[in-house]
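Structure assessment
Here is how the chains run, residue by residue.
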Amino acid sequence: MVSLDQQLNFLLEIDRLKLVARRTRTVGGARAENSAEHSWHVAMMAMTLAPHASEPIDIDRVIKLLLVHDIVEIDAGDTFLYDAAASQDKAEREAAAADRIFGLLPADQAARLRALWDEHEDKATAESRFAHACDRAIPMLINLTNEGISWQENSVRFEQVIARNQPDIESIAPALWQWLLPRLESARDRGWLR
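Residues numbered from 1 in each chain as written. Predicted model: local features only at pLDDT ≥ 70, side-chain atom pairs only at ≥ 80, totals over all residues. Heavy atoms only, no water.

Further remarks concern the overall build of the protein chain. Along its length, the protein chain carries 11 helices and two strands. Secondary structure elements of the protein chain, listed N to C terminal, follow the sequence α-β-β-α-α-α-α-α-α-α-α-α-α. In terms of overall dimensions, the protein chain is globule-like: its C-alpha atoms have a radius of gyration of 17 Å, near the 16 Å expected for 194 residues. Taking the principal axes of its C-alpha atoms as reference, the protein chain extends roughly 60 × 35 × 30 Å. The long-range fraction of contacts in the protein chain, counting pairs at least 24 apart against all pairs at least 6 apart in sequence, stands at 69%. Of the roughly 9700 Å² that the protein chain leaves accessible, carbon and sulfur atoms contribute 55%. Charge separation in the protein chain, taken as the distance between the mean sites of 22 positive and 31 negative side-chain charges, equals 4 Å. (Helix = DSSP H or I, 4+ residues; strand = E, 2+ residues; numbered from the N terminus. Rg over C-alpha atoms; globule rule 2.2 N^0.38 Å. Contact = heavy atoms within 4.5 Å. Areas by Shrake-Rupley, 256 points an atom, 1.4 Å probe, with all protein chains shown as cover. Lys, Arg positive; Asp, Glu negative; His and termini not counted. Charge placed at Lys NZ, Arg CZ, Asp CG, Glu CD.)

Let us look at the packing of aromatic side chains. Per the counting criterion, the structure on display carries two aromatic pairs. With 6.5 Å between their ring centres and 35 degrees between their planes, F10 and F102 make a pair best called tilted. Taken together, the positions of F10 in helix α1 (residues 4–14) and F102 in helix α6 (residues 90–102) put the pair 92 residues apart, joining distant regions of the chain. Since its relative accessible area comes to 1%, F102 is described here as buried. For the pair F80 and Y82, a centre-to-centre distance of 5.4 Å together with 75 degrees between the ring planes defines the contact as edge-to-face. Both residues of the pair, F80 and Y82, count as buried. The positively charged end of R183 is found above the aromatic ring belonging to W179, 3.8 Å away from the centroid. The ring of F158 carries the charged tip of R188 above its face, separated from the ring centre by 4.4 Å. (Phe/Tyr/Trp six-rings, centres within 6.5 Å; stacked < 30°, edge-to-face > 60°. Buried < 20%, exposed > 50% of the residue type's maximum accessible area, 1.4 Å probe, protein only. Lys NZ or Arg CZ within 6 Å of the ring centre and 35° of its normal.)

Okay, here's the thing in C-alpha cells:
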C-alpha cells in the first residue's frame, strides 16, 4: 500500500531545493538563481530543444531526469562546475543525499526515482546525455545574456568553459554547440571570460 504520509513528507522535503543558491544569476543579473528554478528552466530547455537532439530521445523521460537530477543538492549543495576542489567528493556526497531523500518515499517510488537519478548521472542513454547537454548549456546561455557576470564573479576561464561543456553538448546536440561556440569566443574577446 502506498503511504500518502511518506509521499507528502517527500514533497515537503524537496521544497528545500528552493533554498539552494547557485552561482549562476537569473537573467538580468539581479540575484542568484536557486536549484529549483534551474531544474524547471533546464526541463523547459530540453522540451523546447528536443528537435535538435542528434539521437532519438524520449522527451518525457528527459524531463523526468531533469526534474530529479538536482534534488540531491538539498543535502550535498550545488557544486560549481568549475570548482575542482569541491568536485572531488561530489559523487559521494550526492549518492548519500540520493539515498536519504529518495528513501523518504515508499520503496517502489523510491526505487523508480533513484533509478532516474542514477540514469542521469551515468550518461549511458541518449536521454541522459541530452539532459546533461541542456544542464550544461542553460548556465552558458544565461551568462551570455548577462555579459558573463557569473563567469567574471568566479574568475572562470574560456578554456574551462570549453573543456567542461563541449563534450557533453556537441555529442548529442551539435547544432546547439555550433550556436554557442562563436558566442563563447565573443564573450572571451569582450573580457567576460578570462
